[in-house]
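# Fold and contact review
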Amino acid sequence: MDSPAPIPEPKLTENETVEESIRVSLTTTPPWSPGRRDTGEAVIGVTLADPDVYRGKFHVHYQAKVLSMNIDVLAALGQDPDLTSVEWASGKLAHYVIGIVAARQEQTPSSFYGYNLVSILQKQLILSEDQFRKNRFKLSWMAIALCQQNATFDQKFEDILTANPGTYYYGIDEASMITMACLCLNTTGCSSAANAAEKFVSENLKTGLNVYSLGLGAQALIATGKTSYLPQIQKAVTEIKSKLRNVVEKMNNGLGVSQILPPFAKRSLLDIACLPPLDYHQTVPLCSGQTIEIFFTVEDLIMTNTTRQYNVVVSVPPNPTLLQSMQALQAQPDSEFSFGTISTSLGPMVITINGITRDENSNYWKILTAPDIPLEQGVAETYHKDGKRYIFNLTALNRP
């Protein structure tokens, strides 16, 4: 007698796949041990998949996962206050810093139970320089974590990150992370590297990849904000879903959650910076917390003798900075506004607008609140109120 045919597993919709993945991730946290170092990634992935998970039906499990994340970091700090071990100093702390931001808890990366994790990250860059020269995938995590804290990412490490555009030792995974890191840093030096990495991802995000690579590749294309990639992103998500025959197998570790889940919600690692606060009582798309009307004037009466004006409504996170508004304008389809920055000890400094780069010996880009009030803080610390008008003026240096 023939044995009965196996009963096929029911196919899940995309929403059901996300819900089941979140359930598995939040209910399979292993007991603490020194080797448990994936809870930060789990918090990242679950939160990006559902920013309201903290108050949904899995809220108790989510809070337990966040607590486990905090315990992992505190236990490691108790053994080594500078987190100098190979495991922690070559990118792992970056996962936890981004996870702590995602959790939107009282403890922050710069004030985490008395520890400044951002300062530790910057020391780790120097400590693990040789490791990062060999592994730009890990370096990209460091860049994103520091960038999202408006912390300095030294030029030496940006040079390592952007070297040899188009060549990626770890293939699409490395190119995807470099794309997101360079988009976050948004410096002049990162521009060509971001374009090359983005192109590599777009050309190689094809069928046959594993679910982790599909997820990272989709995140990289999502981070560009280009609507032309939407069909390719959806195709990657559909293939991920078709390959997730065993959700438990992939989602009981943080790696799978952080790489696979965010594209289902059309989000990337960069959306961590756009999460609404926990007391925000309206569900909104990430990085689209509100719309704001931009009034920018770009004046260059030194090099090109031109003046350009921009009056556009864009989507921005809640309480946006001027930098975020500039990024939103630059990301608009067919936008004619572009800019570049460099990292400084005081945060990002704008040095290029619309392809015009300041000459540090003779001029600089002065930013004013119209009509003539200079900014008191940098673009990453200035909060852009709807209707405010800003002037970007290429200004000659006053020398004796």
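Computed from a prediction, not measured in an experiment: that's the story for all the values here.

## Here's the deal with the side chain of Gln259
- Position of Gln259 among the secondary structure elements: in helix α14 (residues 254–260).
- If near-sequence neighbours (up to four positions away) are discounted, Gln259 is found in contact with Phe137, Tyr212, Gly215, Leu216 and Gln219.

## Description of unusual backbone geometry
- Here Ala370 and Pro371 are connected by a cis peptide whose omega angle stands at 10°.
- Here Pro371 shows up in the loop between β6 (363–369) and β7 (373–374).
- Not every positive phi belongs to a glycine, and Tyr113 is a case in point at roughly 50°.
- As for its placement among the helices and strands, Tyr113 is situated in the loop between α4 (86–103) and α5 (117–127).
- For Tyr113, a relative accessible area of 43% corresponds to the partly exposed category.

## A word on the sheet that holds strand β5 (residues 356–357)
- Taken in spatial order, the 3 strands make up an open sheet running β3-β4-β5, and their pairing is antiparallel. Across the chains shown, the open sheet's two edge strands, defined by having one partner strand only, are β3 (339–344) and β5.
- In this structure, strand β4 (residues 347–353) lies alongside β5, joined through 2 bridges in antiparallel fashion. Bridge assignment links Thr352 to a residue of β5, and that residue is Thr357.
- Relative to the sheet, helix α15 (residues 322–330) contacts β3 and β4, its axis offset from that of β3 by approximately 145°.

## A few points about the pairing of strand β8 (residues 389–396)
- Judged by how many residues are buried, β8 sits mostly within the fold: 6 of 8 residues are covered.
- Inspection of the sheet shows β6 paired to β8 by 7 bridges, in the antiparallel sense. Its bridge partner being in β8, Asn363 is matched across the sheet by Ala396.

## Section: helix α7 (residues 136–148)
- In this model, α7 (13 residues) spans 18 Å end to end at C-alpha, consistent with the 18 Å of a helix rising 1.5 Å per residue.
- Where burial is concerned, most of α7 is hidden: 12 out of the 13 residues are buried.
- Residues Arg136, Phe137, Leu139, Ser140, Trp141, Met142, Ala143, Ile144, Ala145, Leu146, Cys147 and Gln148 constitute the buried set of α7.
- At the N-terminal end of α7, a side-chain oxygen is found 3.1 Å from the backbone nitrogen of Phe137, two or three residues along, and the residue is Asn135.
- Following α7 by one or two positions, Asn150 has its phi on the positive side, about 55°.

## Focus on the state of the cysteines
- Enumeration according to the criterion identifies 1 disulfide in this entry.
- The disulfide that involves Cys147 links it to Cys184, with 2.2 Å between the sulfurs. What sets the handedness of the Cys147 and Cys184 disulfide is the S-S torsion sign, and at about -100° it is left-handed. Linking Cys147 in helix α7 with Cys184 in helix α9 (residues 171–185), this pair joins segments that are 37 residues apart in sequence.
- Judged by relative accessible area, which is 13%, Cys184 ranks as buried.
- Cysteine Cys182 shares no disulfide, and the gap to the nearest cysteine sulfur, in Cys190, comes to 3.2 Å.

## Structural notes on the packing of α4 against α5
- The N-to-C vectors of α4 and α5 enclose an angle of 155°; their axes lie 9 Å apart at closest approach. Classified by the interaxial angle, the pair formed by α4 and α5 is roughly antiparallel. As for the relative orientation of α4 and α5, their crossing is left-handed in sense. Taken together, the residues of α5 that come into contact with α4 (itself represented by Trp88, Ala89, Leu93, Ala94, Val97 and Ile100) are Leu117, Ile120, Leu121, Gln124 and Leu127.

## Re helix α1 (residues 14–27)
- Given a rise of 1.5 Å per residue, 14 residues ought to cover 20 Å, and the 20 Å separating the end C-alpha atoms of α1 matches this to within 8%.
- Among the residues making up α1, those that are buried are Thr17, Val18, Ser21, Ile22, Val24, Ser25 and Leu26.

## Considerations on the packing of aromatic side chains
- Summed over the entire model, instances satisfying the criterion amount to 11 aromatic pairs.
- Judged by centre distance (6.4 Å) and plane angle (50°), the rings of Phe153 and Phe157 are tilted. You'll find Phe153 and Phe157 in the same group, each marked buried.
- An aromatic cluster is built from Phe296, Tyr310, Phe337, Phe339, Tyr390 and Phe392, whose rings are joined through pairwise contacts.
- Positioned above the aromatic ring of Phe295 is the side chain of Arg389, whose terminal nitrogen or guanidinium carbon lies 4.0 Å from the ring centre.

Cut-offs and rules
Residues numbered from 1 in each chain as written. Predicted model: local features only at pLDDT ≥ 70, side-chain atom pairs only at ≥ 80, totals over all residues. Heavy atoms only, no water. Helix = DSSP H or I, 4+ residues; strand = E, 2+ residues; numbered from the N terminus. Contact = heavy atoms within 4.5 Å. Buried < 20%, exposed > 50% of the residue type's maximum accessible area, 1.4 Å probe, protein only. Pairing = 2+ DSSP bridges. Axes fitted to C-alpha atoms, helices over the stretch in contact; angles between N-to-C directions. Expected span 1.5 Å × (residues − 1). Polar contact = N/O pair within 3.5 Å; in protein donor to acceptor, adjacent residues only side chain to side chain. Disulfide = S-S within 2.5 Å. Parallel < 35°, antiparallel > 145°, perpendicular 65-115°, else oblique. Left-handed = near helix turned anticlockwise from the far one by under 90°. Phe/Tyr/Trp six-rings, centres within 6.5 Å; stacked < 30°, edge-to-face > 60°. Lys NZ or Arg CZ within 6 Å of the ring centre and 35° of its normal.

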